[in-house]
Structures are given as C-alpha cells and as structure tokens.
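Each chain, written out:
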Number of protein chains: 4
Amino acid sequence: MTRKPGRRSTLVGTVAEEVLAYTAGEDRELDLALVEYDCIGTAAHAVALSRLPLTPPVMTPDETHRIIRELVEIIRSHRRGAFRISAADQDVHLAVERRLTRRLGEIGRKVHLGRSRNDQVALDMRLYLKDQLVSVAEQLCSTVRALLRQAARCRSIPMVGRTHMQPAMPSTVGLWLAAFAEALLDDGSDLQHVHTLADRCPLGAGAGYGVPLPLDRWLEARLLGFRQPVTNVLYAAAGRGRLEVRALGALAQVMLTLSGLAADLIIFSAPEFGYVTLPEEMCTGSSIMPQKRNPDVLELMRARAAALQASVQAAAGIVHGLPSGYHRDLQEIKPLVMRGFAVTGGSLKIAAAVVGKMTINREALRRAFQAPVFAADEAVELARQGLPFRDAYRRVKERLSGVESRRPEEAVSRRTGWGAPGNLHLEVLQAEARRLGQWARAERRRFHRAVSRLLGVQYPALESSG
Amino acid sequence: MTRKPGRRSTLVGTVAEEVLAYTAGEDRELDLALVEYDCIGTAAHAVALSRLPLTPPVMTPDETHRIIRELVEIIRSHRRGAFRISAADQDVHLAVERRLTRRLGEIGRKVHLGRSRNDQVALDMRLYLKDQLVSVAEQLCSTVRALLRQAARCRSIPMVGRTHMQPAMPSTVGLWLAAFAEALLDDGSDLQHVHTLADRCPLGAGAGYGVPLPLDRWLEARLLGFRQPVTNVLYAAAGRGRLEVRALGALAQVMLTLSGLAADLIIFSAPEFGYVTLPEEMCTGSSIMPQKRNPDVLELMRARAAALQASVQAAAGIVHGLPSGYHRDLQEIKPLVMRGFAVTGGSLKIAAAVVGKMTINREALRRAFQAPVFAADEAVELARQGLPFRDAYRRVKERLSGVESRRPEEAVSRRTGWGAPGNLHLEVLQAEARRLGQWARAERRRFHRAVSRLLGVQYPALESSG
Amino acid sequence: MTRKPGRRSTLVGTVAEEVLAYTAGEDRELDLALVEYDCIGTAAHAVALSRLPLTPPVMTPDETHRIIRELVEIIRSHRRGAFRISAADQDVHLAVERRLTRRLGEIGRKVHLGRSRNDQVALDMRLYLKDQLVSVAEQLCSTVRALLRQAARCRSIPMVGRTHMQPAMPSTVGLWLAAFAEALLDDGSDLQHVHTLADRCPLGAGAGYGVPLPLDRWLEARLLGFRQPVTNVLYAAAGRGRLEVRALGALAQVMLTLSGLAADLIIFSAPEFGYVTLPEEMCTGSSIMPQKRNPDVLELMRARAAALQASVQAAAGIVHGLPSGYHRDLQEIKPLVMRGFAVTGGSLKIAAAVVGKMTINREALRRAFQAPVFAADEAVELARQGLPFRDAYRRVKERLSGVESRRPEEAVSRRTGWGAPGNLHLEVLQAEARRLGQWARAERRRFHRAVSRLLGVQYPALESSG
Amino acid sequence: MTRKPGRRSTLVGTVAEEVLAYTAGEDRELDLALVEYDCIGTAAHAVALSRLPLTPPVMTPDETHRIIRELVEIIRSHRRGAFRISAADQDVHLAVERRLTRRLGEIGRKVHLGRSRNDQVALDMRLYLKDQLVSVAEQLCSTVRALLRQAARCRSIPMVGRTHMQPAMPSTVGLWLAAFAEALLDDGSDLQHVHTLADRCPLGAGAGYGVPLPLDRWLEARLLGFRQPVTNVLYAAAGRGRLEVRALGALAQVMLTLSGLAADLIIFSAPEFGYVTLPEEMCTGSSIMPQKRNPDVLELMRARAAALQASVQAAAGIVHGLPSGYHRDLQEIKPLVMRGFAVTGGSLKIAAAVVGKMTINREALRRAFQAPVFAADEAVELARQGLPFRDAYRRVKERLSGVESRRPEEAVSRRTGWGAPGNLHLEVLQAEARRLGQWARAERRRFHRAVSRLLGVQYPALESSG
C-alpha cells in the first residue's frame, strides 16, 4: 500500500501527520505509565478468550501461555526503558498489540478479539488509579506520623491560638500540628472511598456495548484482583472520566490541607512571628539579597494545591455535557490525573520532611502571649462563679485593659475536653493512621498476588515463582 | 447607651451599618435554614452545661429544662414563619440567644458559656449536611428507580450504540438508561461517604482551642446522634470548609451524571434523531416561533451542573491557603452549599419525571440501524470461524460496503456478557438502590430519635411524646 | 380555555407548574434589574417597526408614540416597586408585552413582530453590562483616589519591603499602596475593553437568524446609543454568554487585586506586625472572646474574590461545548453576572473606606527594620566601588552578621528610579484615574442622551423635556 | 567548598537535592522558551549599566559590547540546541549569568548589579507574552479567513437554523460559519488588549522595591521596544501573575469559540444530520469497529477548551490572596501559560484545516427543512397583512399542521437585515481581519527593529547588519 505524503498508516487507519501530532500530543509519553497495566489486562483477556465455550476455540491455552510469556517480556523491556510507543501506534494498546504480533505472528493478531481500546484504557486507568491511590495513602500515613511525632514532642508548648489571624485563646503547638494530622486522615478516607469505587472491572465492555461473545466478565475481574465487574457495560466505559474526577477531588483535598500547613509555616517563619525556623537546606536564596532564606517549597506547595484544584474543574469540565458513549475528550483527563498523583505524593513527602526537621522556637511562641488572649478565660471564670456568661463577657469587654496575664501552661492545662489542648488524644489519630497503613498494604498485596497468579511469575519482581 | 449614627450595637460590639450590610449579606436569610439545628445544638449544650461537675453549678437541670422548652417554642415559631434574625443579631446564633434572653432573662444569658459561634456554626452545618445528604440520597433513589423501570420496559428495544457520536454497535434503550442508574448509584455512595465524615460532632471546640471547662464532648455527640466527636478541637472548627467542599463535590458528581442524561435527551429529541419525545408539559415554547417545543428543563439541568461544579472550585478556592483557625471567609461557602443541595434535589426530581414520562420511538430507533453498525459483528464472526481478529477487521474494513444488515434484535441478543445489552442484570442495580434507600431511612430515623429524646417531644412533629 | 390542574398557560404555551418553577428559578426576580433596559429596547424596536417601508404599515408613528408613553409608565411603576413579573410571564420580556397589551390592546400585541426573546435578552444584557461597567469603573476610580491620597500622605514612611513574606529591602508605605492603585487602573482598562465589545447592538437578530422584514439594524443601534450593530445575527445571539464571561473576568481581576490588599491588611493588622490599625467601626467582635477586633470585611472580600473567580469558570463552563444557536443554558449566567457586579462594586467601596480610615503605625513599621534588610544595599555599594556584583554579593553573604543597620529614610531616598520608593510619580497614576473617570462620565452621558431622545423625556429623571 | 551529600551549591546558596527537584520541577525545561528574551533583556540592562552616571563606571561601553556579543552567541547556541540549564542553575537567569561569567570572567559577574530574578522573569514573561499574543493573533487571522472563504462559498446554501437544538428558522451555511469568524475577531481584540497591558517594561524594579542606583527605566523600556515602563516598581513585579491570568483568559475565549465550532461539526457530521463530511485524513478509526471515522481532533479541541478554561482558574487561584511582593507561587503559572499558547495556536490551525477541507452536503441540508420551520415566516406574513403579531402567532400555533413548506432559498432571501442570512456583509469581517493582521505584523516589526538595534545584528536572523 502506498501512503500519501504527510499521512501515516496505523493499525487502524491512515491519518494526516498534523492530525496525529494534535491528537496524540503528549499522550504517548503518558501512556508509558500504563504499559504494565496494559500487559496485565491483556493477559487476563487472553485467559478469558481461551476459556470461551466456542468450537473451534478462538484461542488455545497454549496460545494464551505464549502471549502471557511475551507480555512478561514486554514488561521487562519496558522496565529497561526499551519499549517504545511509536507515532503510528498512537497509544500503548496498539503498541503492545503490534509487539505481540511482531513476535508471535498470527497469535498476536488474535488478541484484540472481544476488546476495544475503550475498555482497555478504562481498565488500565482503574488499575493505575488503584495502585496510585494506595501509594499516596502510604505517603500520607508517613506525613501523618511525622505530624503526630512532632505534635507529641510539642504537646505542651504553649502557642497563641488565633482566629481571623488575631490572637484568640491559649493553645499549644501540639494541638496545631495534630489538627493537620486529623485533616489528612479524613483526606485518606477519601482516597479509600475512591479506591472502592475504582475496584470494579470494566473488561468485557468492548466499546461500551458489550461484544457478541460469551466473555466471562467475572472471571476477568477475579483474574485481575477486582472485587467485581462494573455491571453496566456502557457505564464501564463512560464511568471512566468520572472516576478520575473523584480521584482528583481526593488529591485536591490532600493538597488543600497541605496548603493550609504551608500558609501557617510561611507566616510563622517570618521574623515578626519567628515561631518556627525552617530547615536551612529546604530554603532557597535570593539572586540579589544575600540575607534571604525563602520558603519556596511551601509556596510551591500552596500554588500546586490551587493548580490541582483547578484540575478537578478541568476534568469535570471535560466530562460535563458529553453524550453517552466514549469520546476522545476523555484522553485529556489522563495528564491531569498523572500530574495530580505526582504533585500530591511529592508534596506529602516534602511536608513530612519540613515538619520533621523544622525548629520550634519556644521563646518566640511565649512572647506572643499578651494579656488580652486570656480575656475569654477571665469571662469563663466569672461565669463559674455564678455570673451569667453574657454578663461576664460584657464586664470583661468593658475593662479589657484590666485583663490579667496568666501562665500559658496553666491556661492550657485547664482545657481538658476531649481533643482540647490539655487532652489531645493523639493515640486516637495514631490508631487511625495505623489502620490506613494496614489497608494500603493489604490492597497492594491483594493486587500483587492476583497478578503473580495470572502471569505465572512473582509480581512485581517478575522472578519465576517456581 | 447612645449609638453613633450609622453604627449599630449588637450583642458583641458596635459596627458601621455599611460594614454590617457587607458582612451579613444574604447570610441572615440563609441562616433561617439553620434555625432548627441551632436550637437542637443549643439544647444539647444546655444539657452538657448542667452536667458539668462544678460547684456552684453553672446551670441547673431545671434551667436546662426551661431552655429546651423555649428552644422548642423557637422551632415552632420558626415553622410558622415568625422567627426573625435582625441585622443587629447578625446571625442565627445570636438571634436564638437573644430570644432566649428575652424570654428567660438571666438563664438565656448563661447559655453561651463554653461555646463560640465557631463551633455552633460548625455544628449547625454538620447537622444540616447530614440531613440534606440523606434527603438527596432519597431523591436519588427515586430517580434511579425511574431509570430502572424505564430500562426494564425498554430492555429489548434496539438502539444504535454510539462512540464519538458516530454509530458504533447494536445496543438497547435498556442499556443506555441503566448506565445512568449505575452512575447515580456510584454518586449515591459519594453522598454516603461524605455523610460518614460529617457524622462527627464539633461541639465543645469553642473557637477552635477548646474551653477552660470540663465539657463532656462525647455526651454532646451522643445527645445529637453523632457517631463520635471530632477529635482535635482545632480541626473541628477548621474542618468546616473542607467538609462542604466534599459535599459540593458529591453533589457535582450527581449533576455531572444528569448533565450527560440531559445532553443525550436534547440530541435524541431533535427531529433528526427523534428517538425520544419529551412530555409536552415539560417543554417550553418560543415567543416568535409557534412550532417550538424546547427542552429548556434539560438545558438548565446541564447549565446548573456546570455552575455547581464551579461551586466546588469556589468553595475550595475560599479554603485554599487559609492559615489555621477560623476566618470569616468560610461564611461564603454557606450559600454555595445551600444552592447546591437545592439544585441537585430539584434536578433529580425533574430527571425522574422526564425519564418516567418521555415516549420512546421504536421506529426512529430502528431507522438508525444502517449496515455499517454491524461491521464489528461481522469481524467477530470471521474471528469465530478461525481468522485472527486483526485480519478479520482488515478484511471487513476493505469491503465496508459489503457489510450486511442484520436484525438488530438478533445482534443484541448475542451480547450476553454480564451487564451487556442482552444480559442487563438490572436486579443488581435494583438491590443497590434498595440498600441506599434503607441506609437513608435508617440515618434519618437515628437522628430523629436522638433529637426526640433530647427535646422531650416527638421530632420532627414536635408533639409531646407522652 | 380550561387548564389542566398543575399546568399554567402563558403567552407562549402551557407548561407544568413544577417545570415553570425549575426553569424560572430566581430568574423572575433577577429580571427586575432589566425592566428599564427592556422598555428602552422595546421603544427602539417600536420606532424601527414604524419606519419599515411596508404598506400597510405594521405600526404607525402614533402607535409607536403610545407604546413609548406606556413604556415610560412601566419604568415609573417599576421604580415605585409596582411592576410585577408573574410566574406565567416567565420573564421580563413577556411581562412588558403583557402590560402593553393590557393597556393598549391590539397595539401591544403588535410589538413582538420581528423580535425574539433571544435578541431582547441579548440587548437587555448589553445595556445592563454597559451601565454596570461604567458604574464599577467610577467606583474603581474612587478607590484608586483613596489609595493615592493615602500613598501621598505616607510617601516617605519607611516600610520593610518583602518577598516570600521575608524582609527583603527598604521600601515605603507609599510604594505599597500605590502598587494597588496601578493594579486597579489596569483592571479599569479591562472594564473599558469589555465595554467596547458590549457596545454593539444585537437588535434585529430575532432568534439568531434574522427576520423576514427589512428592519434597519443601524437605526436601532443608533437609537439606543450603540456604536454599531453586531454584524452577524447568529453571533449577536450566541455572543451573549461570551460577553458575560469577559465581564466576569474583568470583575474577577478587580477582586483579585482587592484580595491581595485584603491579605496584606489582615497580616499587617495582626499584633505581631501592627503596621496598620483598622478603623474600629469596620471590625467585628467575637461572641466569646471579649478582646477581639476582627477584620471580617477583609476576609469576606478575599473569599468573595475566590467565589467571583469561580463564577468566570461557571459562566465559561456553561457556554463551553454548546452548539450554535440559543440554548436556555445561558440563562444561568445571569445570576452570576448580577452577583458579580454587586460584589465588586460593594468591595471597591469597602476597600476605599478601609484605606481612607486606617491608621498607619510608624513605630511598628520602623521596628521591623533589622540590619539584614540592608544587605543588598551593602552589596550594591561594594559594586559601586568597583567589585563585580556577584563577588560583592558573596562577600556580604559570607559575613551577614556584619551588615550594618542604616537609616531607612536614607536607604529609601537612594531608590530614585522611575516609580521606585524614592520617586513614586503618583501624578502619572492620578492622571490615569482622571482619564478613566472622564471616560465613564462621557459614556454615561452618551447613553442618557440617546435614551432621552428616544423616550421623549429626560432620562434617567423621566421628567418631560419640554 | 565541600558539599554535603544530597545538597547542591548554586550561585545563590546550598539546597537539598530533593528540594531542588521539587522546586525546579519542569521549570528548567520551560525556561528554555525564555532564553532569547532573557538574553535580550540582559543586553538592555548592560546598556543601562554603562549609562549610569557613576564614577568609577560600574560597566564600560566596551564591557557592555562584549556582553552583548556573548549574549548573541548564547542565542545562537540555544538555537542549535546546545544551551543547557543545569539543576544547579535552577533557572534561565542564573544559567545565562553563569555562561557570561565562564566566558567573560569578571565582566559576567558584574551584570546582575541592579537586577533581581524577579524583574528578570517579569521582563522575560512580558516579552514572551507579547510575542506569543502576536503569533496567536496571526494564526487567528488565518482561521478567520478560512471561515470567511468557506462562508462566502456557502453563502446561499440553505441550512435549518436551530435554537435549543430544535429546528427554528431558515438560515444558511454562510451565516453559521461567519458567526464563528466574528466571534474569533472579538477574541482577537482580547488578544490585542492584553498585548497593550503587557507592553510596559518592568525592568529596573529589582526585587519589587527598586534598586539604590539611578537606573534609567525609560531607557530600558525604549531599548526593548516597550511603549513605557510600568510605573510602580512593586506592581511591576506583582503584576506578573495577573497579566498571565488575562492572557489565559483571552486564550480561553478563543478556545471557547472553537469548542462551539467543534460541537457543531461533531453533531453535523453524525449520519443523522450528515450536513458536513469531515476530511478523511483528519478522522481516526476504531480498533474494533472497521466502519468508524471519528472526529477525534474536534473532541480534543473541545476538551482542551475546557482544560484551558480551568487554567485561567488555576492561575487566578494561585494569585488569589497572595500578600504583596514576589512569591514562588507565581512560577506555577508559567507552565499553564506556555501550554495555553501551544494549545490555542495548534487548535486554531487544525480548525482552519477542518473548515477549509470539509465537504458541505447540500442534499442533507435541504432534507432537514420541514414545514414547521417556516411557521414564524407565516406568522410574520399574517402580521404584514395587518394582524397583530401575537394574534398571528397564535393562529399559526393553533394550526401548526397547516403551515406550508416553502423554498428555503426564497425564505432566506427575505432576511435582508444587516448581517442576516440574506445580507451577510462578510466584507465587514474581512476588513476587521485585515486590520488585526496588520496590527500583528506591525507589532512584530516594532519588536524586531528594537532588538536589532540593541544587539547590533539583524534580529531574528542574527546576521550582522553591516
């Protein structure tokens, strides 16, 4: 077949070069992150094809075996950096199919029976999401532990609690840091929730309308370690974008929490506060002002939180108003998701390092205690002596200059409600972090076991299990 | 006390009128939606005050009893439309306190001891969120049932399945509608997840730093039907905005699903498709073109989905980068959330009505079946006869005009994979809808029982339980 | 005609009540802001109808005269609060037509010839946008003047200039405040730009496809004070949403600037900085902490900036992906725009008041000058003596503790570059503000003159011009 | 100096590797797009240094000459792909300075006197923005011309005009396409407006607070082809992010227009409409359905419009609430802007190709004309005969089945209002496109001339001008 100049023949058609460039964009590069998942999915599909109750069989057990062996080779060559997705391939799916065909001939040309790139990419993304959600959850646990360790160390260091940035009440460094730990644990439960929704297998959906073959979708789901198949095949394909919106939403929550931590640390490390000193090796200098030690990492964390939040919007904006069935629009969600995981994982790691290494300056913290911060305590005391609170409030307000300074430690120790500065109950949060970590490890193990069984080699090591 | 002109004295200070106007905005009006929750929370707090192990007691059981009786009266007067939040009140919290003080004198002036508007509004919003999430979940169940009923009726009506808006494969009306049902059920699980996170009591957090009183936060949680208290008191206050972001995110997912349904129905009811006829009483006309029957409700649904998605962004943008502790910024999230629930509930209801009443036009659906839509079936058949799929694909592609038309019903009946057009398994989705409905009812009952016990009258009826 | 229960007959059809409720939403209330524009547009249309070269005339000059007189009455009754848009009216356009019909009978029933609600609302919104853009520009000028006045007063008060929130270089209060003035002036030029785009008349576009009548679109444009008509009638209708996105974008820029001012003032009024004291009557108190004076107005300004930015997203998200021609989706942009103008105008006003009334604390500002803030000056001096700057930088960096403190005033006075702290050139910004104000007044006058001529009475006073 | 493991010494400090990785991110790669601008700006700064009225001179004319010669070499080596920004460099500014120092020794170490990376990057971005805005404007002109050519060809091909996706009125293909041309021209005026705001020079602002040197900021502005300097030096640095928000907003408007075009073409190329056939080489196939020709490019265009809109939000979200002075947050806006220009330029190009090569199917367009589409014409005719329009409307509505079909050409020819289907006035839009193109060329020439003069070689060719 002769090709017109400027066009390129692919497995599935002939397209102008400029169109290929516009459509593929950075997609081929991003698809490299999906190679393993695509191979694993193809292995499961090959097994399902060999189990089809058809005569003649569309694929024999031996053919399936050879395909799986070759898929393991593809994963190995990918890990060596030797697997390529060419422009003509367009994407990881056709690249894997082409390689199988190049190596196995006719057998490779059989493997796309009963599949569509739509259900392949839906599968790859679900496997990717599950893996990444578990990874971020693990990183989140580390950051929570770093926060709780620092909170434990500083549990009784007094700190002025603020509202509206104005001094409000006596508090502690421990309360301040533990609040971020609890916030992150809630964010972790978002990650788990999205994982649960992702844990259903779309394979067998074809282009979204099923295939005229008696494919066993429960078998495919089990082989890949999914809890169950997505029921409706159209939703299996169309649900793709929505799952990513949820994942991005969960990541954005993590970053929102970190943006608050960053904001605090930026202000509290300004000399006017001086509550914390950031580790020197985490600060950057100025090209013109020799004295500068700038909290650039924290500013970038804050900015990346804003950008990630807008990614949720971008992904939802892409899905919004799309009619049923697959549309290429959904491809544009992939880079958002991949960047989202990278940014969130990286930020959690930096946050743990900053929290672990920063210095808490007791003196600066103490200096900030001025008498008015004890005004509410004084009002409460009058109330304990029998004055209605609103009257006590008014009496204190009228003679604010008369409010007496107190020992911060003493004021803090009176706050003994569950979770208050004098009664932090860090162990509750520690236990929650432990549970989240256990969940992550269990999910990871579950997936690795299923894949090891499927591929016949230890996964992820790829060593023969025999 | 003489007031300077243009300033207004409130329970907590004196503020310029223009500032009050700018700060309160529509907030007083919105706060009317919180009156019952504020009263319920105040009742629980009054109980907790009476249980404080202090001598002299800051509140006697009898005083608590009188407060609760008056709070019930406030709820009743609110339901009659007779409860007002004045400009000087600023918000529901001070309005309730003022009314208690007006009626009960000194006792009313006692009730704010150990509280802050920060933990009050955090509590009110959590109670509101729980209630509303349950309501939307119930409405969502109705819409799912409407979709499943229509899907069951049309389970074997053939419909061209599309990808990229182009005819793709034989499918059915049943598959199409059931996909939305499953999507909504996933959205419902988001609602449940947010409810779980909301189901922790912030009361006793004060301004976010606890209070110098031995308040029993577990008691308060139990009285109000919460699973447990938020642990960290600072997070109890600061977590407020984040919970709303999550709630809005969950609502936006529901609307995203509905926006897809709307998009389909708008296109499929254009005469060129003619697949569905929308119920006449749900269409609006044109002021100039007498023939028009426009799907305005669906267009508004689609637009409101976009606007609600941007509300997630707005709420997250408000929280982003805020230092620790309460900031007035958070107030601006309230209208977003309230509008979000109203829009989502209303849209689910309209969607159920449209789906239930629309007419499915079998003839138009059948006319859309042209031979090429069977091309993949032909390729699969060649593959079943032994040709590798990729070769079969190519052979069919080269002679596309030779693809033969088939009976759609027959083509559909061959798609027998789990959840495929020939094997919908609607009962799986029906069961899931039932479980969601049961959960919603159970949660509602749990809350009503706790409140009835707390107020000493049947809630929500407010009839004496004796 | 008998109506089925639950349906409502309107000028243009019969619709279910619940549908009317869902479609109209708050739209009827919002449409009250458009009554005058709708009447003015109808007046221009009535003139154009009377000038049609048709026999018999579709409208006589006398009929036009009576219509215009009645339209003036509608405006008057609207200003008294007596004009109503009923549920059956659906919107301002049908309400005005119904009133004309009620008063003028057959003449009223003639007026919709050659129009559509699509071009009516497009016209109303353009007139509304032009008016509001001019108003916001005027308010912006006031705020700029308040900033420049305060900057002039404080032009030589030293202030530590910061980067990354860390002390960076000697600067002044004057520089700091004048930066916001220049930012707002750029924002003002955005407002002008949008006004220029809005200043083209959509009338005569009908439903977006023109009308089978020789309507003189240039005449209509001139009568209404527009520079020219939109050329393409389809774009005249479809351009509607995009113009609003632009207007919201311009407003969001203003608010972005104000959010920065708010952020500065919130931090600088914290006692650790104490640079500024906010006017007491603009601060709000706490319900529990008697000592609090909180910058709530500034926090709300910051939050509303975030929400307004999300409105740009909402509006663009609504327009995104819409096929050609009018869709009801566009209605949902109206509340976003109206809230946007209200928020921006109100915030500019509050900002001017805060800036005008705040107290600048010279002592606190001076205390913040520590020796390292002069490090760059020292390096520059070494460079002036012949050392290459990078070497000078390094030498200073290596002996940071040796940097000597200087007199801030002296350091500032050496910064004499155009627009630097020692050479502010406020007169440049003052001149720019003056030009913007002149533009606003000229545009307002131009519109009022055109309307006065059209209605035959002084507009906006509505007094007879004779 | 010995480096601790895991830390890296840079020109301006020593930072942990992981921090460098997190802070630099993809920034070094992106900065390659700024190399030429950075060199040009450095050349202007070197001239300004040599003109400082200081004794001894901080830089001699000969030194400036040598620096400029070396800067030209850097540009050349960059164009050959041989210029590197190392991790230790962190960014383009330090990379250029390091190279100058390596080649010119002491002279290179002089060049940063009186500058900061803050004003350097602000300058680079303004030069970049101006260049890119001009390029996109030129591409936009091409696309407008393609639309107008196709509109002229199809000016009298009838097409059903739609509202709410329902057939509304007789129209033409010409009107439909010309509407996009006019929309793009408005978008073009946004580009010009942002260019005007960008056309002010920030150089000399230093870190935002000026420098203690009598730098001539007007000279620098003139050397670089700017209209004038930004007045306030703090705004010169802080305005950076806001300008990018505006640029992204303008690009998002272009993409919003293209998203509408894409939406139309996707629907109109579905077989049920069949109005247009997309050029085959611009369609992609399916991996499973041999018959598919999918409009992937258009779907990606639509999706990228949504993502770009969210980038506006991301950029604004990053700027929102930042206190005065530079923050590293702003760096995160750079990738958004660079992607934004690439996406918009590429999409405009694809849009021009699709519009130029698509086939218009007259028959399919004609088939869509059903009698009801003439209902409004019938009502208008009754009105022309003397019946009030609202009565005519009602009469036609009551006997809709009686509406007679007409010749579409004839119906269209009656729409002769300015810009209506029968009177398109394409020449108005052609003239506007011409003016925009002339502006773009003039701006480009103005910049090239200034740079040529500054560098002493023809720019951009870099050939010696002698």
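Structural data are supplied above this passage.
Note that the structure is a prediction, hence the values are computed from the model and not measured.

The rules behind the values
- Residues numbered from 1 in each chain as written.
- Chains lettered and ligands numbered in written order.
- Predicted model: local features only at pLDDT ≥ 70, side-chain atom pairs only at ≥ 80, totals over all residues.
- Heavy atoms only, no water.
- Salt bridge = Lys/Arg side-chain N within 4 Å of Asp/Glu carboxyl O.
- Helix = DSSP H or I, 4+ residues; strand = E, 2+ residues; numbered from the N terminus.
- Buried < 20%, exposed > 50% of the residue type's maximum accessible area, 1.4 Å probe, protein only.
- Contact = heavy atoms within 4.5 Å.
- Buried area = accessible area lost by both parts, 1.4 Å probe.
- Least-squares fit on C-alpha atoms with pLDDT ≥ 70 in both.
- Pairing = 2+ DSSP bridges.
- Expected span 1.5 Å × (residues − 1).
- Core = buried A, V, L, I, M, F, W, Y, C linked by side-chain atoms within 4.5 Å.
- Polar contact = N/O pair within 3.5 Å; in protein donor to acceptor, adjacent residues only side chain to side chain.

Quick look at the pattern of salt bridges
For side chains of opposite charge, pairing can occur when their charged atoms come near one another. A full pass over the atoms with the stated rule returns 125 salt bridges over all chains. Among the ionic pairs, R200 of chain B bridges to D186 of chain A, the shortest N-O distance being 2.7 Å. One end of the pair, R200 of chain B, is in strand β5 (residues 200-201); the other, D186 of chain A, is in helix α8 (residues 173-198), on a second chain. When the shortest N-O distance is used, the salt bridge between E272 of chain A and R162 of chain C registers 2.4 Å. Of the two residues, E272 of chain A is situated in the loop between α10 (233-268) and β7 (276-277) and R162 of chain C in strand β3 (residues 158-163); the pairing between them involves two chains. A relative accessible area of 18% places E272 of chain A in the buried class. Overlapping salt bridges, with partners in common, bring together K130, D199, E443 and R446 of chain A in one network.

A word on the environment of A198 of chain C
All names here are of chain C. Within the element layout of this structure, A198 appears in helix α8 (residues 173-198). Here A198 falls in the buried class, since its relative accessible area comes to 0%. A198 sits 48 residues away from R246 along the chain, and the two C-alpha atoms are 9.8 Å apart. Those residues in contact with A198 that sit more than four places away from it in its chain are R126, K130, F226 and L243.

Some thoughts on the interface of chain B and chain A
Facing 106 residues of chain B, the contacting portion of chain A comprises 106 residues. If you sort the residues of chain B by the area they bury against chain A, Y209, P212 and W418 of chain B come out on top, with a joint share of 9%. Summed over the shared surface of chain B and chain A, the number is 10 salt bridges. Between D190 of chain A and R246 of chain B there is a salt bridge; the shortest N-O distance is 2.6 Å.

Section: the relation of the copies chain B and chain A
Overlaying chain B with chain A gives an RMSD of 0.1 Å, the required rotation being 180° about an axis along which the chain moves by 0.0 Å. Expressed as a symmetry operation, the mapping of one chain copy onto the other fits a two-fold axis. Looking at the interface residues of chain B, 100% of them are also at the interface in chain A, so both copies use one shared face.

Some words on the pairing of strand β4 (residues 166-172) of chain A
In regular strands, side chains alternate between the two faces of the sheet. All names here are of chain A. The element β4 is largely enclosed, with a buried count of 7 among its 7 residues. Note: strand β3 (residues 158-163) against β4, 6 bridges, orientation antiparallel. When the sheet's bridge partners are listed, G161 is paired in β4 with M169. Counting the residues in the hairpin turn of β3 and β4 gives 2 residues, including H164, whose phi is positive at 55°.

Regarding helix α5 (residues 92-104) of chain A
Since one α-helical turn is 3.6 residues long, residues separated by three or four positions face the same way. Taking 1.5 Å as the rise per residue, α5 of chain A with 13 residues should run 18 Å; its terminal C-alpha atoms sit 18 Å apart, in good agreement. Where α5 of chain A is concerned, the buried positions are V92, H93, L94, A95, V96, E97, R99, L100 and L104 of chain A. Where α5 of chain A is buried, its residues meet α2 (27-31), α3 (35-50), α4 (61-79), α6 (106-110) and α7 (117-153) of chain A together with α15 (389-398) of chain B. Positioned one or two residues after α5 of chain A, G105 of chain A has a phi angle of 60°, which is positive.

A short note on the nonpolar core
If you look at the biggest cluster of nonpolar residues, it comprises 732 residues, and the most contacted ones within it are W176 and L455 of chain A, W176 of chain B, W176 and L455 of chain C together with W176 of chain D. If we skip the residues at most four places from it in the chain, W176 of chain D touches L234 and S324 of chain C together with M159, D264, L265, F268, V276 and M358 of chain D.

Quick word on the interface of chain B and chain C
With 53 residues of chain B at the interface, the matching set in chain C holds 53 residues. A combined buried area of about 4,500 Å² lies between chain B and chain C, and 60% of that area is made up of carbon and sulfur atoms. Together, Y22, E281 and S287 of chain B form the three largest contributors to the area buried by chain B at its contact with chain C, with a combined 17%. The interface formed by chain B and chain C holds 7 salt bridges in total. Residue R302 of chain C pairs with D329 of chain B through a salt bridge whose shortest N-O separation is 2.8 Å. Between the two partners, chain B and chain C, sit 18 residue pairs in polar contact (both at pLDDT 80 or more). Contributing elements (two or more residues each) for the side of chain B that touches chain C: β2 (13-16), α1 (17-24), α11 (296-319) and α12 (333-357) of chain B. Tallying contributions element by element places α11 of chain B first for the side of chain B that touches chain C, with 15 residues.

Comments concerning the relation of the copies chain B and chain C
Copies of the same chain, two in number, are related to each other by a rotation about an axis and a translation along it. Note on the identical chains: chain B maps onto chain C by a rotation of 180° and an axial translation of 0.0 Å, with an RMSD of 0.0 Å. Of all interface residues in chain B, 100% are interface residues in chain C too; the two copies therefore contact each other through one and the same surface.

Concerning unusual backbone geometry
Residue Y459 of chain B is joined to P460 of chain B through a cis peptide bond whose omega torsion reads 10°. Along the chain, the position of P460 of chain B falls in the loop between β9 (457-458) and β10 (463-464). The step from T55 of chain C to P56 of chain C runs through a cis peptide bond, and the omega angle for that step is 0°. When you line up the elements, P56 of chain C lands in the loop between α3 (35-50) and α4 (61-79).

Nothing here speaks to function; it is geometry throughout.
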